[in-house]
Amino acid sequence: MNILVLGSGGREHALAWKIAQSDLTEKLYVAPGNAGTSQLGENVALDPEDFPAVESFILSHDIHMLVVGPEVPLVKGIYDYFRSQYRFSNLFIIGPSREGAMLEGSKAFAKDFMQENDIPTARYQSFTSKEFNKAKQFLKELSPPYVLKADGLAAGKGVLIMEEYDQALSTLKEMFHGKFGDAGKKVVIEEHLKGIECSVFVLTDGDSYMLFPEAKDYKRVGEGDTGLNTGGMGAVSPVPFADETFMNKVVERIIEPTINGLQERKIIYRGFIYFGLMNVNGDPYVIEYNVRMGDPEAEAVIPRLYSDIVPLFLATATKNLAQQDMQIIPDTVATVMLVSGGYPGSYEKGKKITIPDEIPETSVIFHAGTKVQDGDIVTNGGRVLAISSVGKDMKEALARSYALAEKIDFEKKYFRKDIGFDLT
Ligand code: AMP
Ligand code: GLY
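Computed from a predicted structure; not experimentally measured.

A. Region of interest: the overall build of the chain. Looking only at helices and strands, the chain features 12 helices and 23 strands. Taking 22 Å as the expected radius of gyration for a compact globule of 424 residues, we find that the chain reaches 21 Å, a close match to that expectation. If one aligns the C-alpha atoms of the chain with their principal axes, the spans along those axes are about 60 × 50 × 45 Å. Put simply, the chain has 424 residues, and 57% of those count as buried. In the chain, 69% of the contacts between residues at least 6 apart in sequence involve partners at least 24 apart. For the chain, the accessible area works out to roughly 17,700 Å², and carbon and sulfur atoms hold 47% of it. Of note, the chain has its 45 positive side-chain charges centred 5 Å away from the centre of its 59 negative side-chain charges.

Shown next as structure tokens:
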């Protein structure tokens, strides 16, 4: 089978790495990919959001399976684009329909969906700019900290948490005046939940689902979870507090009602659902849905998959997931992200990266923002490399990732040295 993966980050490198190991994979293409994916298959200079260009490539290269890594093409309806054309009826697509992708594409849609299906989540209301006075009233009813969320996609920057009422009110005004462009024209205001977060993933064909290993990611740039939010500075899987009792609650209260809710609304969904959860005194609440794997969670979760992923994808696309099973390795994987100095603010690109020739077999380096330039691998983004290592426990896995992190060099390399700090 010829497979095309869309995207260019660490998540896509991890997916491509797993797909490349399958006997079912003939040719693997990644569009646009990075320096890491070019070692596994062929990078293709395509914009995943340019559907006609993706379409021409699929036709000219006899692609059988399309795996969509990031959310934007999904929210823009890539699934529907291909499904609506008869000549692509044999193309297997991993990802939800446009309507399914609304779970990530609109926070108001996601919250309404949760409410309709009795899925535990923070109390909330959504408002448009015309409803400023009502929004102000609702803010007054809540106690600090205040949580404001731009409705639409805002590249992970659309959530603001503020201690002061006055600050929340002025931020609300700014959002209605276009702080996040159209994404913020509608705002969800919600109650603040106190607890510890983790991410749970399923692969679903719309009827059945397969539970993937959970993970915890570290979003803040600074040690001790301080400073600005990033795309993610590291991840650990499994998560010790996500024990059987907790996971049973997640399945019963969250995963199953979500799948049932999609069915009731007749929403076509054949792909990953990411449940961003808050554990509040042992009870799970949904903070957000994403309609794809997490990044950097994929870099910690995918290496724990013992089973071949391609048959799972095939079963997802053909609604046969109930017939599949999946083996997970019980060991821990810890991922440490090496980033460009200055990230998530401004940073420079094009720095030469040196990687040791010998990588221990307990570690794998997933490229997040790299490219090949004049024969060298250079930095090409804020998040540069994700180092994932396996160990019998978190301590061993982290020690291996950190040992390798020290041996990789590029100018202004930065990484958090406390991944997993809150799990011991
Ligand atoms: P989101 O983009 O929805 O994942 O939100 C970004 C981050 O904001 C989450 O990972 C949480 O750390 C935090 N957050 C969002 N909503 C809430 C909430 N209701 N209570 C507490 N923290 C929240
Ligand atoms: N790591 C958070 C995300 O993928 O959205």
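Back to the text.
B. Structural context of helix 6 (residues 107–116). Taking burial as the measure, the 10 residues of helix 6 include 7 buried ones, the bulk of the element. What helix 6 keeps buried is the set Lys107, Ala108, Phe109, Ala110, Lys111, Phe113 and Met114. Once helix 6 finishes, Asp118 follows within two positions and takes phi at roughly 55°, a positive value.

C. Inspection of the site of ligand 2 at higher detail. Close to ligand 2 lie Asp217, Gly231, Tyr274, Asn290, Arg292, Gly294, Asp295, Pro296 and Glu297. Contact distances for ligand 2 include 2.7 Å between a nitrogen atom and a side-chain N or O atom of Asp217. Protein contact buries 88% of the 200 Å² of open area that ligand 2 shows by itself. Of the residues contributing to the shell around ligand 2, the split by class is 2 nonpolar, 3 polar and 4 charged.

D. Inspection of the nonpolar core at higher detail. Among the nonpolar cores identified, the biggest contains 70 residues, and Leu4, Ile58, Leu66, Phe82, Phe275 and Tyr289 are the most heavily contacted of them. Of all the elements, helix 9 (residues 244–264) adds the most residues to this core, at 8 residues. Not counting chain neighbours up to four residues away, the residues in contact with Tyr289 comprise Leu103, Glu104, Ala110, Phe113, Met114, Ile119, Thr258, Ile273, Tyr274 and Phe275. Membership of the second largest hydrophobic core comes to 41 residues, among which are Ala14, Leu15, Leu312 and Val364.

E. Structural context of the side chain of Asn279. The topology assignment puts Asn279 in strand 16 (residues 269–280). Accessibility expressed as a relative area gives 11% for Asn279, which makes it buried. Among the polar contacts listed, one links the side chain of Asn279 to the backbone nitrogen of Gly282, at a separation of 2.7 Å. Beyond its immediate sequence surroundings of up to four residues, Asn279 is in contact with Lys194, Gly195, Ile196, Phe241 and Phe246.

F. Region of interest: the pattern of salt bridges. Applying the stated criterion across every chain, the model contains 26 salt bridges. Notably, a salt bridge pairs Lys27 with Glu42, separated by 3.3 Å at the nearest N-O pair. Taken together, the residues Lys27 in the loop between helix 1 (10–20) and strand 2 (28–32) and Glu42 in strand 3 (residues 42–43) connect sequence positions 15 residues apart. Classification of Lys27 as partly exposed rests on a relative accessible area of 37%. Take Glu42: its relative accessible area is 38%, and that puts it in the partly exposed class. Taking the shortest distance from any N to any O, the salt bridge between Asp418 and Arg416 comes out at 2.8 Å.

G. View of the pairing of strand 4 (residues 65–68). In strand 4, alternate side chains face the same way, and those of Met65 and Val67 on one face and Leu66 and Val68 on the other are all buried. Of the pairings in the sheet, the one linking strand 1 (residues 3–7) to strand 4 comprises 4 bridges and is parallel in character. Paired with Leu4 across the two strands is Leu66, which belongs to strand 4. In terms of strand pairing, strand 4 meets strand 5 (residues 92–96) through 3 bridges, oriented parallel. Across the sheet, Leu66 pairs through a bridge with Ile93, a residue of strand 5.

H. Main features of the site of ligand 1. Not every one of the 15 residues close to ligand 1 is listed here, only the nearest: Glu190, Glu191, Leu193, Glu197 and Glu288. In the model, an oxygen atom of ligand 1 is placed 3.3 Å from a nitrogen or oxygen of the Lys107 side chain. Within the side chain of Glu197, an N or O atom sits 2.4 Å from an oxygen atom of ligand 1. In isolation ligand 1 exposes 470 Å². Once the protein is present, 89% of that is buried. Only strand 7 (146–150), strand 8 (159–162) and strand 17 (283–290) provide two or more residues apiece to the shell around ligand 1. Residue composition of the shell around ligand 1, grouped by class: 7 nonpolar, 1 polar and 7 charged.

Cut-off values and rules
Residues numbered from 1 in each chain as written. Chains lettered and ligands numbered in written order. Predicted model: local features only at pLDDT ≥ 70, side-chain atom pairs only at ≥ 80, totals over all residues. Heavy atoms only, no water. Helix = DSSP H or I, 4+ residues; strand = E, 2+ residues; numbered from the N terminus. Rg over C-alpha atoms; globule rule 2.2 N^0.38 Å. Buried < 20%, exposed > 50% of the residue type's maximum accessible area, 1.4 Å probe, protein only. Contact = heavy atoms within 4.5 Å. Areas by Shrake-Rupley, 256 points an atom, 1.4 Å probe, with all protein chains shown as cover. Lys, Arg positive; Asp, Glu negative; His and termini not counted. Charge placed at Lys NZ, Arg CZ, Asp CG, Glu CD. Near = heavy atom within 4 Å. Polar contact = N/O pair within 3.5 Å; in protein donor to acceptor, adjacent residues only side chain to side chain. Nonpolar A, V, L, I, M, F, W, Y, C, P; charged D, E, K, R; others polar. Core = buried A, V, L, I, M, F, W, Y, C linked by side-chain atoms within 4.5 Å. Salt bridge = Lys/Arg side-chain N within 4 Å of Asp/Glu carboxyl O. Pairing = 2+ DSSP bridges.

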